[in-house]
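# Per-entry structural report
These are the residues of each chain, in order.
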Amino acid sequence: STFYEKYHSLEDIYSWVNRTAHDNPSTVKAILVGSSFEKRPLYALKLSLNNRPNKKAMWIDCGIHAREWISPAFCLSFVHHLLSFYKQIQDITDILDNMDVYVLPVLNPDGYEYTWTKDRLWRKNRSRNRSTNCIGVDLNRNFDANWCTEGASHNPCSEIYCGAFPESEPESQAVADFLRHHKDSIHLYISIHSYSQMLLFPYSCTTDEAENHSDLLEIAKEASDNIRRHYRNNYLYGSGAKTIYLAPGGSDDWAYNLGIKYSFTLELQDRGRYGFLLPPSKIDRACKEALTAVKTVALKVIEKT
Ligand code: 0X9
Ligand code: ZN
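These notes cover the structure that comes with them. Since we're looking at a predicted model, the values are computed, not measured.

## A short note on the site of ligand 1
- In the region of ligand 1, 16 residues are neighbours, and Arg123, Arg141, Tyr245, Asp252 and Glu267 sit closest.
- At a separation of 2.9 Å, a nitrogen atom of ligand 1 approaches a polar side-chain atom of glutamate 68.
- Between alanine 247 and ligand 1, the recorded distance is 3.1 Å, taken from a backbone N or O atom to a nitrogen atom.
- Sorting the residues of the shell around ligand 1 by element identifies β5 (186-194) and β8 (262-268) as the ones contributing at least two each.
- Residues that form the shell around ligand 1 fall into these classes: four nonpolar, seven polar and five charged.

Structure follows, in structure tokens:
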């Protein structure tokens, strides 16, 4: 199997980031967007084909939850696909001709490292706090979107601990800062998770409908339909709160409220047979399905904005 059909250690992913930037000097830049609690760098790749100003951009992040290994695997394969098939495949060409693409392959490197060395099912980051021995904040409860209301916890020992205050964690703050600085160009935000095979959009932090709900629904339906047509696999779609559960403080809702009106969370394979322990033999298919969804969404956003 190839590089993209395996899971990779954090060290290997850092090398891959370096190599990818180095091998594609005219199109790819590695941007240091911040560092983690344990001081690991947070690198995003920027794929940008020519230096036209005012180009739209999309942002995609992977690995906010440590144990969801298929997520970083997707970010790597997505970058590889974009770079390999520009001018070969029409939809890839259309995306890169119209958008810069920012890809953050591992938003939570400390947690990811921990799942490789100590506890495969760790979810949160690895930050410590004075008050308890419990470690880590759920980074997808740490953003400032109805922060720590129903669906998150103030208990530091909880898997859905929201942190001491919004953006208390260096990882969420780094991403939020980057998006704040680039919000005028970034028209699409996507966060990659697993598992459950869903395409979610705001809101998750309230049962209220987003202002462009019907637009988001139409895009999500098209993505889900495309996955079903190509791979005969079902992806549920809808607002987060109504499709899975109320979960405030998520990056997607926060990005949406910032003004990035196309904001999605994609939950990859599977439906629970292997859960977070998706075998490497399933990586290729899972990434192809996700690629179909991401391409569909990106092309629709290019069309609409
Ligand atoms: O609960 C989550 O953070 C995500 N599901 S997971 O099983 N990967 O943990 C869903 C996130 C949906 N979006 C928001 N809650 N904002
Ligand atoms: Zn997740």
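Resuming the write-up.
## Comments concerning the packing of helix α5 (residues 170-182) against helix α8 (residues 251-258)
- It is at 11 Å that the axes of α5 and α8 come closest, and there the two elements cross at 25°. Here α8 runs roughly parallel to α5, going by the angle between their axes. For the element pair α5 and α8, the recorded crossing hand is right-handed. Two secondary-structure elements touch here, α5 through Ala176, Leu179 and Arg180 and α8 through Trp254, Ala255 and Leu258.
- Looking at side-chain class alone, the contact of α5 with α8 contains five nonpolar, no polar and one charged residues.

Conventions adopted
- Residues numbered from 1 in each chain as written.
- Chains lettered and ligands numbered in written order.
- Predicted model: local features only at pLDDT ≥ 70, side-chain atom pairs only at ≥ 80, totals over all residues.
- Heavy atoms only, no water.
- Near = heavy atom within 4 Å.
- Polar contact = N/O pair within 3.5 Å; in protein donor to acceptor, adjacent residues only side chain to side chain.
- Helix = DSSP H or I, 4+ residues; strand = E, 2+ residues; numbered from the N terminus.
- Nonpolar A, V, L, I, M, F, W, Y, C, P; charged D, E, K, R; others polar.
- Axes fitted to C-alpha atoms, helices over the stretch in contact; angles between N-to-C directions.
- Parallel < 35°, antiparallel > 145°, perpendicular 65-115°, else oblique.
- Left-handed = near helix turned anticlockwise from the far one by under 90°.
- Contact = heavy atoms within 4.5 Å.

Everything listed here is a matter of coordinates, which is why it stays silent on function.
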